[in-house]
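Summary of structural features
The chain contents come next:
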Amino acid sequence: MKSLLILISIVSCFNCNVCAQQPYYLEQCPRDELYVNECLRDSGNKLVHYLRQGIPDLDIYEIEPVDIDEIGIVLGSGPDGYRAVFRNIQAYGVSNITVTNVRSDLETLQFQLTCEIPRIKVKAQYRSSGVLILVKASGAGDYWGEYEGVKAKIYFKALPSLGTDGRTYLNTEQVKMDFNVKDIKMGVDNIANGNSVIQAALNLFINSNAQELLKEMKPSLRSKLTMVIRNFMDRLFTKIPLDEWINLN
């Protein structure tokens, strides 16, 4: 009887240690292909919930704003073609992301996430040159944007690597993403050396052609966002071993 109690205690302690190893911000998912995608979706949303508050265990204290150094657009050709560069871009609201669907292949470590964000607010500084709607639009000022109903698909492929602690970690080998926006409002303020008439004309054009302007921004923006996503994934993967994402047994 005494031996049995000792055995039960040992097993209980082992189980407690296993439970303690699983972090509070992540749900471990089974390898079973019938359940893993749904579980990864829920686990991703659980992680996002805690990321909004900061996760000191991962050395993550703030995830907003999302910073992008610069993007540029070109409309038209020739000396009067409109060109604009947006710098020091800061995006707010990205942390309200919801993972709505996951497709995975655990054998090849390929994943596709479908995500939604209700609203993203953006501010930046811009500098432009050329002509818009017969108005010389050279100058600089502040840009603002509100993007509502954002939907994104993120594909990534990972490679396993053995950490110094003997556990397997992931490294991102490839990341791709695309997105669309249901509704856009954007404009410019505080135009240097400008006047209220030019500013009003520019804002009228910008809001009347918001989707077309986004289409012109998209290649540069997608490239920058892919880099941001990849860096963030690498930051997570270096801290979270594979067996905390997926039950490998």
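Residues numbered from 1 in each chain as written. Predicted model: local features only at pLDDT ≥ 70, side-chain atom pairs only at ≥ 80, totals over all residues. Heavy atoms only, no water.

- By the naming in an unreviewed UniProt entry, the protein chain goes by Protein takeout and is assigned to Glossina palpalis gambiensis.
- UniProt, in its Sequence similarities (unreviewed entry) section for the protein chain, records the words "Belongs to the TO family." (UniProt positions renumbered as here; feature names shortened; annotations may be inferred.)

**Here we look at empty space enclosed by the protein**
- Applying the stated criterion across every chain yields a total of 1 cavity of 30 Å³ or more.
- Empty space within the largest cavity amounts to approximately 120 Å³.
- As for the largest cavity, its lining consists of 15 residues, and the residues nearest its centre are Ile 73, Tyr 82, Phe 86, Ile 206 and Leu 213.
- Grouping the amino acids of the lining of the largest cavity by side-chain chemistry returns 14 nonpolar, 1 polar and no charged. (1 Å grid on protein atoms, 1.4 Å probe; cavity = no way out; pocket = protein on both sides within 12 Å on 5 of 7 lines; lining within 4 Å. Points joined across faces, edges and corners; volume = space filled by probe spheres on them. Nonpolar A, V, L, I, M, F, W, Y, C, P; charged D, E, K, R; others polar.)

**Quick notes on the nonpolar core**
- Leu 47, Phe 86, Tyr 143, Tyr 147, Ile 154, Met 186 and Ile 246 are the most contacted members of the largest nonpolar core, which has 66 residues in total.
- Considering each element in turn, this core owes the most residues, 9 residues, to helix α4 (residues 210–237).
- Setting aside anything within four residues of it in sequence, one finds Tyr 143 in contact with Phe 86, Val 122, Lys 123, Ala 124, Tyr 126, Met 186, Gly 187 and Met 217. (Core = buried A, V, L, I, M, F, W, Y, C linked by side-chain atoms within 4.5 Å. Buried < 20%, exposed > 50% of the residue type's maximum accessible area, 1.4 Å probe, protein only. Helix = DSSP H or I, 4+ residues; strand = E, 2+ residues; numbered from the N terminus. Contact = heavy atoms within 4.5 Å.)

**Some thoughts on the pattern of salt bridges**
- According to the stated counting rule, one finds 12 salt bridges in the structure shown.
- A salt bridge links Arg 167 to Asp 243; the nearest nitrogen and oxygen atoms lie 2.7 Å apart. With Arg 167 in the loop between β7 (139–162) and β8 (168–189) and Asp 243 in helix α5 (residues 242–245), this residue pair connects regions lying 76 residues apart in the sequence.
- Residue classification places Arg 167 among the partly exposed residues on the basis of a relative accessible area of 25%.
- For Asp 243, a relative accessible area of 25% gives the class partly exposed.
- Three or more residues are tied together by salt bridges with common partners; here these are Glu 38, Arg 41 and Asp 42. (Salt bridge = Lys/Arg side-chain N within 4 Å of Asp/Glu carboxyl O.)

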